[in-house]
Amino acid sequence: MAKPRRRFVCQACGSLSNRWQGQCADCGEWNTLVEEVPETVFSARHHLSSGGRAIAFEPLDAPGERLQRRATGLAEFDRALGGGLVPGSAILMGGDPGIGKSTLLLQAAARIAQAGGRAVYISGEEAAGQVRLRAERLGLAGAPVSLAAATSVRDILTTLGGPEFLGAAPALLVIDSIQTMHSDQIEGAPGTVSQVRGCAFELIRYAKENGVALVLVGHVTKDGAIAGPRVLEHMVDVVMSFEGERSHQYRILRSLKNRFGPVDEIGVFAMAGQGLEEVANPSMLFLSGREEPVPGSAVFPAMEGTRPVLVEIQALIVRLASGATPRRAVVGWDSGRLAMLLAVLEARCGLNFSSAEVYLNVAGGYRLADPAADLAVAAALISALGDRPLPGAAVWFGEISLAGEVRPVAHSAIRQREAAKLGFTRAFGPAGGGKTEAGVSYVEIALLPNIVDRILSPA
Ligand code: TYD
Ligand code: MG
């Protein structure tokens, strides 16, 4: 008999190799190849020989079989999911350690249980006592959640298939986390690719067969990817990521993949003493709430998916006397983009930043990725440079080209309506890119130099 082939699996991307290498040939990660014993559980070969049953085809349109969703009662969670949990679906939730994944899922489980649904929370990371302590702190100790500390998938599935759950599968099953689970059908320690994949496979199959909404918590590696094989992302229906700066209280729940709803949808929470609070109006969180306008501050109506969020951009310019190399420091925005904007302001508007230090900050620990922020950043920089506040009650949006043109951006109307809701009366934006929305007068800016005089010359 031939000696069985040795098999090495990259722990980052899941790709296979038959010899050990220092670097994965597929994803380029170093030191990620680990030898694993081939799995036998999923071998389909012996099913192919005989005894197969014919499959039944179904029409695309099945009236009366609409997607039933179950609202958890945490509106921001439901919103990020696209309207609630879909029975028989699997959700993978990633996020940095300590960001609040366990807290969020315990709160969701408690809400479902309080509304009369069955919610099971399996913790592989903490003892039941620790989870109970957290529940007490959250004021949820009375919620009838079925809580257990377990790591064996066989034990978990045996329990869920046992008398206690006969004819009443849970509405929600939380597995916290998939990396701590192990299956005795598969070789290898918990957390290895084959264990993670195998455990997920068994849990997902149980969820699909029993109409259970399954949430798998996934650890995140240093660079933000969900640890374990990429295949995990392909196995589930929804991939969510829970994000935020640990030093700030706000948290954003984002859906990165959703077979049943839109991606780009977000839920916003604030971490408080009593757990995660829903933030129905995120704009309030990121504005400083200052009455008097100050130099260097501009408000930008950002888009998070389909949802507008007003954020404050702050710039500070410090003139240097000596010829030392001036600093440029950015928090919450791209430093390359700042360098580009400064160059455009110098070349197209004749402003001089070369002997000044430039600091740019997005308030509230928010991280901006929307290219429409250019105009607001430029306005903040000009205002800081001239030490003159921007016109009050105004928002700014538009993308700036290297030629200094202000380019149209998406969602002009939504941005303006959000501004109006929060009491802003003016919007500065690209020419032809928008029309005036209720309550906000729209000021068209075609070229960046056009706003320089407006900001720097006395009113
Ligand atoms: P946790 O849900 O354990 O994070 P994860 O499961 O993503 O690792 O959240 C832990 C953090 O949340 C911890 O640093 C303390 C903080 N926290 C609060 O601020 N308020 C609370 O009510 C709770 C339960 C946690
Ligand atoms: Mg946790």
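Residues numbered from 1 in each chain as written. Chains lettered and ligands numbered in written order. Predicted model: local features only at pLDDT ≥ 70, side-chain atom pairs only at ≥ 80, totals over all residues. Heavy atoms only, no water.

Peer 1: What is the right way to read the domain arrangement of the chain from this model?
Peer 2: By a widely used convention, the size of an interface equals the accessible area lost when the partners come together. Each assigned domain of the chain is listed here: domain 1 (1-38), domain 2 (75-280) and domain 3 (289-456). Spacing between the C-alpha centres of domain 1 and domain 2 amounts to 29 Å. Counting residues at the interface gives ten residues for domain 1, matched by ten residues for domain 2. Carbon and sulfur atoms supply 46% of the area that domain 1 and domain 2 bury against each other, a total of about 630 Å² over both sides. The largest share of the area that domain 1 buries against domain 2 comes from Gln 11, Glu 36 and Val 37, three residues that together contribute 52% of it. (Domains from an automatic or database assignment. Contact = heavy atoms within 4.5 Å. Buried area = accessible area lost by both parts, 1.4 Å probe.)

Peer 1: Can you help me understand the sheet that holds strand E3 (residues 33-35) in this one?
Peer 2: Each strand in a sheet pairs with its neighbour through backbone hydrogen bonds, running either in the same direction (parallel) or in the opposite one (antiparallel). Taking strand neighbours across the sheet as the criterion, the three strands line up as E2-E1-E3 in an open arrangement whose pairing is antiparallel. Of all the strands in the sheet, the pair left with one neighbour each is strand E2 (16-17) and E3. Taken together, the two bridges between strand E1 (residues 8-10) and E2 define a ladder with antiparallel strand orientation. Within E2, the residue paired with Phe 8 across the bridge is Ser 17. (Pairing = 2+ DSSP bridges. Helix = DSSP H or I, 4+ residues; strand = E, 2+ residues; numbered from the N terminus.)

Peer 1: Could you clarify how one ought to interpret the site of ligand 1 in this entry?
Peer 2: Of all residues adjacent to ligand 1, which total 16 residues, the nearest are Gly 98, Ser 102, Thr 103, Arg 134 and Gly 275. The separation between an oxygen atom of ligand 1 and a polar side-chain atom of Arg 134 is 2.7 Å. Note that an oxygen atom of ligand 1 is positioned 3.0 Å from one of the backbone N or O atoms of Gly 273. Every element with two or more residues in the shell around ligand 1 is listed here: helix H3 (101-114), helix H4 (128-137) and strand E11 (266-272). Per element, the largest residue contribution to the shell around ligand 1 is three residues, and it comes from H3. The residue makeup of the shell around ligand 1, split by class, is five nonpolar, seven polar and four charged. (Near = heavy atom within 4 Å. Polar contact = N/O pair within 3.5 Å; in protein donor to acceptor, adjacent residues only side chain to side chain. Nonpolar A, V, L, I, M, F, W, Y, C, P; charged D, E, K, R; others polar.)

Peer 1: Looking at this model, I keep getting lost on helix H11 (residues 412-421). Mind explaining?
Peer 2: Residue pairs spaced three or four apart in an α-helix point in one direction, given the helix's 3.6 residues per turn. Of all the positions in H11, only Ser 412, Arg 415, Gln 416, Glu 418 and Ala 419 are classed as buried. Along H11, the residues classed as buried sweep out an arc of 160° about the axis, all on the same side. On its buried face, H11 sits against helix H8 (283-286), strand E13 (297-304), strand E14 (307-319), strand E17 (394-396), strand E20 (426-430) and strand E21 (441-445). (Buried < 20%, exposed > 50% of the residue type's maximum accessible area, 1.4 Å probe, protein only. Arc of directions from axis to C-beta.)

Peer 1: What is the right way to look at the side chain of Arg 415 in this model?
Peer 2: Mapped onto the fold, Arg 415 is located in helix H11. Arg 415 gets classed as buried once you look at its relative accessible area, which sits at 2%. There is a polar contact of 2.7 Å between the side chain of Arg 415 and the backbone oxygen of Pro 301. Polar side-chain contacts of Arg 415 include one of 2.9 Å to the side chain of Asp 370.

Peer 1: Where do I start with the pattern of salt bridges in this structure?
Peer 2: In a structure, side chains of opposite charge can pair up when their charged atoms sit close to one another. The tally for this structure, following the rule as stated, stands at 15 salt bridges. A salt bridge links Glu 76 to Arg 307, with the shortest nitrogen-to-oxygen separation between them at 2.9 Å. Placement of Glu 76 in helix H2 (residues 75-81) and of Arg 307 in strand E14 is noted, with a sequence separation of 231 residues between them. On the accessibility criterion, Glu 76 (3% relative accessible area) is buried. Overall, Arg 307 belongs to the buried group, its relative accessible area being 5%. Glu 304 is the partner of Arg 254 in a salt bridge, and the nearest nitrogen-oxygen pair spans 2.7 Å. Separated by 50 residues along the polypeptide, Arg 254 in strand E10 (residues 250-258) and Glu 304 in strand E13 bring together distant segments of the chain. Take Glu 304: its relative accessible area is 8%, and that puts it in the buried class. Taken together, the shared-partner salt bridges connect Glu 76, Arg 79 and Arg 307 into one network. (Salt bridge = Lys/Arg side-chain N within 4 Å of Asp/Glu carboxyl O.)

Peer 1: What is the right way to look at the packing of aromatic side chains in this model?
Peer 2: How two aromatic rings sit relative to each other is set out by the distance from centre to centre and by the angle between their planes. Applying the stated rule across the entire model yields four aromatic pairs. Here Trp 396 and Phe 428 contribute two aromatic rings whose centre-to-centre distance is 4.1 Å and whose plane-to-plane angle is 10°, an arrangement assigned as stacked. Here Trp 396 is found in strand E17, whereas its partner Phe 428 is found in strand E20, with 32 residues between them in sequence. (Phe/Tyr/Trp six-rings, centres within 6.5 Å; stacked < 30°, edge-to-face > 60°.)

Peer 1: Looking at this structure, how should I read the pairing of E13?
Peer 2: Note on strand geometry: in a regular strand, side chains alternate between the two faces of the sheet. Within E13, eight of the eight residues are buried, leaving the element largely enclosed by the surrounding structure. Burial of E13 is two-sided: the residues Ser 297, Val 299, Pro 301 and Met 303 facing one way and the residues Ala 298, Phe 300, Ala 302 and Glu 304 facing the other way are all buried. Sheet topology places E13 next to E14; eight bridges connect them, and they run antiparallel. Counted as the bridge partner of Phe 300 is Val 311 from E14. Linking two consecutive strands that pair antiparallel, namely E13 and E14, is a turn of two residues; a positive phi of about 65° is found at Gly 305 within it.

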